[in-house]
Structures are given as C-alpha cells and as structure tokens.
Amino acid sequence: RLKPGHAPYQQGFIDAAKQHGDWAQLESFYRGLLFAQPTHAATLAALAEAVLRQGRVDEAKALIQQALKNNLPRTEMPELVQSYLSATAAGQPFQ
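Here is what the cut-offs are and how they apply
- Note that residues are indexed from 1 along each chain, following the sequence as it is written.
- Under the rules for a predicted model, residues below a pLDDT of 70 receive no local features and side-chain atom pairs below 80 are neither given nor counted, while totals for whole chains, interfaces and linings still include all residues.
- Excluding hydrogens and water, the side-chain figures rest on all heavy atoms present in the structure.
- By salt bridge we mean one thing: a side-chain nitrogen of Lys or Arg within 4 Å of a carboxyl oxygen of Asp or Glu.
- The helix and strand labels rest on DSSP assignments: H or I over at least four residues marks a helix, E over at least two residues marks a strand, and numbering proceeds from the N terminus.
- For the exposure calls, accessible area comes from a 1.4 Å probe over protein chains only, and a residue counts as buried if that area is under 20% of its type's maximum, exposed if over 50%, partly exposed in between.
- To estimate the expected span of a helix, count its residues, drop one, and scale the result by 1.5 Å.
- Note: the arc covers the axis-to-C-beta directions of the helix.
- Every residue pair with non-hydrogen atoms within 4.5 Å of one another is taken to be in contact.
- We call Phe, Tyr and Trp rings a pair once their centres come within 6.5 Å, taking the six-membered ring for Trp, and we label the pair stacked below 30 degrees between planes, edge-to-face above 60, and tilted otherwise.

Draft legend 1. Here's a closer look at the pattern of salt bridges. A complete count under the given rule lists 6 salt bridges for this structure. Residue R31 pairs with E27 through a salt bridge whose shortest N-O separation is 3.1 Å. In this pair, R31 and E27 both sit in helix α2 (residues 23-36), 4 residues apart, roughly one turn of the helix. By relative accessible area, E27 is classed as buried at 12%. Taken together, the salt bridges that share partners define one network made up of E27, R31, R56 and E59.

Draft legend 2. Inspection of helix α4 (residues 57-69) at higher detail. The first and last C-alpha atoms of α4 sit 18 Å apart over 13 residues, in line with the 18 Å expected at 1.5 Å per residue. Buried residues of α4: A60, L63, I64 and A67, and no others. Down the axis of α4, the buried side of the element spans an arc of 105°, and every buried residue falls inside it. Exposed and facing more than 90 degrees away from the buried side of α4 are D58 and K69. Contact partners of the buried residues in α4: α3 (41-53) and α5 (79-89). Where α4 terminates, the next one or two residues include N71, which has phi positive at roughly 70°.

Draft legend 3. Main features of unusual backbone geometry. In this structure, N71 is a non-glycine residue whose phi angle is positive, near 70°. Along the chain, N71 turns up in the loop between α4 and α5.

Draft legend 4. Inspection of the packing of aromatic side chains at higher detail. Scanning the entire structure with this criterion turns up 2 aromatic pairs. Cluster of aromatic residues (ring-pair linked, three or more members): F13, F29 and Y30.

Draft legend 5. Representation of α5 in the model. Among the residues of α5, those classed as buried are L80, V81, Y84, L85 and A87. For α5, the buried positions fall inside an angular range of 165° around the axis, keeping them on one side. Residues of α5 that are exposed and angled more than 90 degrees away from the buried face: E79 and A89. Looking one or two places after α5, you find G91, whose phi comes out positive at around 75°.

Honestly, it's all geometry; don't read function into it.
Pasting the structure below:
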C-alpha cells in the first residue's frame, strides 16, 4: 500500500485512481497525507474533490473552506472544486 512518504509514486497512484474512478481510495490516501500535514491546502482541496465525487457536498464544502482559509488560490483547486465554487457563488445548485 502506498504511504504518504513515498513521494515519487504519489502522482502515479493519484492519476491511476482518478482514471479508474476510485474516489474512496483517493479519499483514504488524501486523509493519510492530511494526518501528516493537517493544514496542507492543496491536499484539502484534492480531498474535497474526492468527497464531492462521492456525493458528499456538505463535507466537501467544509474542506473547500479550509483550503481557502489556508490561502490556496481558487485557480489551483481541482476543476470540479472550481465548478462547485462558481455554481454556489452564482446561487445555482451544484450538480
């Protein structure tokens, strides 16, 4: 099993999990990374994408707020998270 300390393999793991739609595995992976660095904004945003893809919008919203609080620019967030922010800013439901 991949561990957070194995940096050379992380991106390959992330790419493969996304390609296969294994959002639960990605969620677990990102939570492991956050255990080591709980305020890492990019990881919070990536976790928000994983939980959004699993339909847990309220949990994703809290994670996005934490990422923003930790100064991650919206433009550096995953595309799905940016779409969520745009929809909610426009008062539209997120789908």
